[in-house]
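# Observations on the model geometry
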Amino acid sequence: HSPFPPELPPSEFLQVAESTWLVLSVVSGGRQPSGSQATGVTKIARSVIAPLAEHHVSVLMLSTYQTDFILVRERDLPVVVHTLAGEFDIYKEEGGECVPVTCDDASNGFLKPKAAASPTLHPVQSPQTRFCVLTVAPDTLPAIATMLIDVLFYSHSPPREAGAGSQDLDSITFFAFSLIEGYISIVMDAETQKRFPSDLLLTSSSGELWRMVRIGGQPLGFDECGIVAQIAEPLAAADISAYYISTFNFDHALVPEEGIAEVIQLLQQRQESS
């Protein structure tokens, strides 16, 4: 529960959010409607994302090549359990084993939600950059380690500040690497992918490219609710897959390249109707 891992001592260069977070992993029990092809955050938009937003639970979303994770603040756990218990069987990990959680276990401090205020609709930007979603076999990681370090830490110049009113970016510097329980997931732009040995980067059989919608005109913070829902709900209604990554400053939704025009139109309509 320490906000600092021991290998990262406190320093003026390291900003840490005050809250400690718990990870929710949503495992489908086969109840997904057979006609639905949407994957990623849109698959759980109606059943998880929207109910948590309605109950004022702020979430961070992390999609990986293998699955999706929702991070919730530890203090919000009672509300999370009460909100999701009707639709899901909830388990917690204790000593390496999954143990069922009941509402009674997490009822301490639970308050009925107040009437929800209308969430702030944040601006969205869609750079022209095309992205790849990839994985790497763990035993081949050493073969790309030098290139990975170069791309992560040395290749990119500091991003130029977009103009205050800018709603469209030509390109965006974005590279995401996650290593979770031995599974590696990488998001990189198509140009950067060309620097890596093609036989070591694994992608879906379709090899599709993705476009990004970036949410927020300024750092979002962690107290607001409904940011993920703002994107996930309209995409779920249109049955469009999305790969979603929350970061300290902004949120990022990746959608299949062929669907970007429809996505932008959907989100503009939502902005205008509000």
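The rules we used
Residues numbered from 1 in each chain as written. Predicted model: local features only at pLDDT ≥ 70, side-chain atom pairs only at ≥ 80, totals over all residues. Heavy atoms only, no water. UniProt positions renumbered as here; feature names shortened; annotations may be inferred. Helix = DSSP H or I, 4+ residues; strand = E, 2+ residues; numbered from the N terminus. Buried < 20%, exposed > 50% of the residue type's maximum accessible area, 1.4 Å probe, protein only. Contact = heavy atoms within 4.5 Å. Areas by Shrake-Rupley, 256 points an atom, 1.4 Å probe, with all protein chains shown as cover. Axes fitted to C-alpha atoms, helices over the stretch in contact; angles between N-to-C directions. Parallel < 35°, antiparallel > 145°, perpendicular 65-115°, else oblique. Left-handed = near helix turned anticlockwise from the far one by under 90°. Nonpolar A, V, L, I, M, F, W, Y, C, P; charged D, E, K, R; others polar. pLDDT = per-residue confidence, 0-100.

The protein goes by Cytosolic arginine sensor for mTORC1 subunit 1 in an unreviewed UniProt entry, where it is assigned to Upupa epops. In its Subcellular location (unreviewed entry) section, UniProt records this for the protein: "Cytoplasm, Cytosol". Recorded in UniProt for the protein, the comment headed Sequence similarities (unreviewed entry) runs: "Belongs to the GATS family."

### Section: the overall build of the protein
Helix and strand counts for the protein stand at 6 helices and 12 strands. In the protein, which comprises 274 residues, the share counted as buried stands at 40%. Once local pairs closer than 6 in sequence are excluded, the contacts in the protein between residues at least 24 apart make up 76%. When the accessible surface of the protein is split by element, carbon and sulfur atoms take 52% of a total near 16,000 Å².

### Focus on unusual backbone geometry
A positive phi angle is found at His56, which is not glycine, with a value near 60 degrees. Along the chain, the position of His56 falls in the loop between helix H1 (45-54) and strand E2 (59-63).

### Remarks on the packing of helix H5 (residues 227-237) against helix H6 (residues 260-273)
For the pair H5 and H6, interaxial distance at closest approach is 10 Å and the crossing angle is 120 degrees. When the axis of H5 is compared with that of H6, the two are oblique. Remark: the crossing between H5 and H6 carries right-handed chirality. Listed contacts from H6 to Ala229, Gln230, Ile231, Glu233, Pro234 and Leu235 of H5 are Val263, Leu266, Leu267, Arg270 and Gln271. Here the residues of the contact of H5 with H6 sort into 7 nonpolar, 2 polar and 2 charged.

### A short note on the confidence of the model for the protein
In this model, the protein carries a mean pLDDT of 81, and residues with pLDDT of at least 70 account for 79%. Counting interchain partners and residues more than four positions distant, the pLDDT-below-50 stretch residues 30-36 has 5 contacts.

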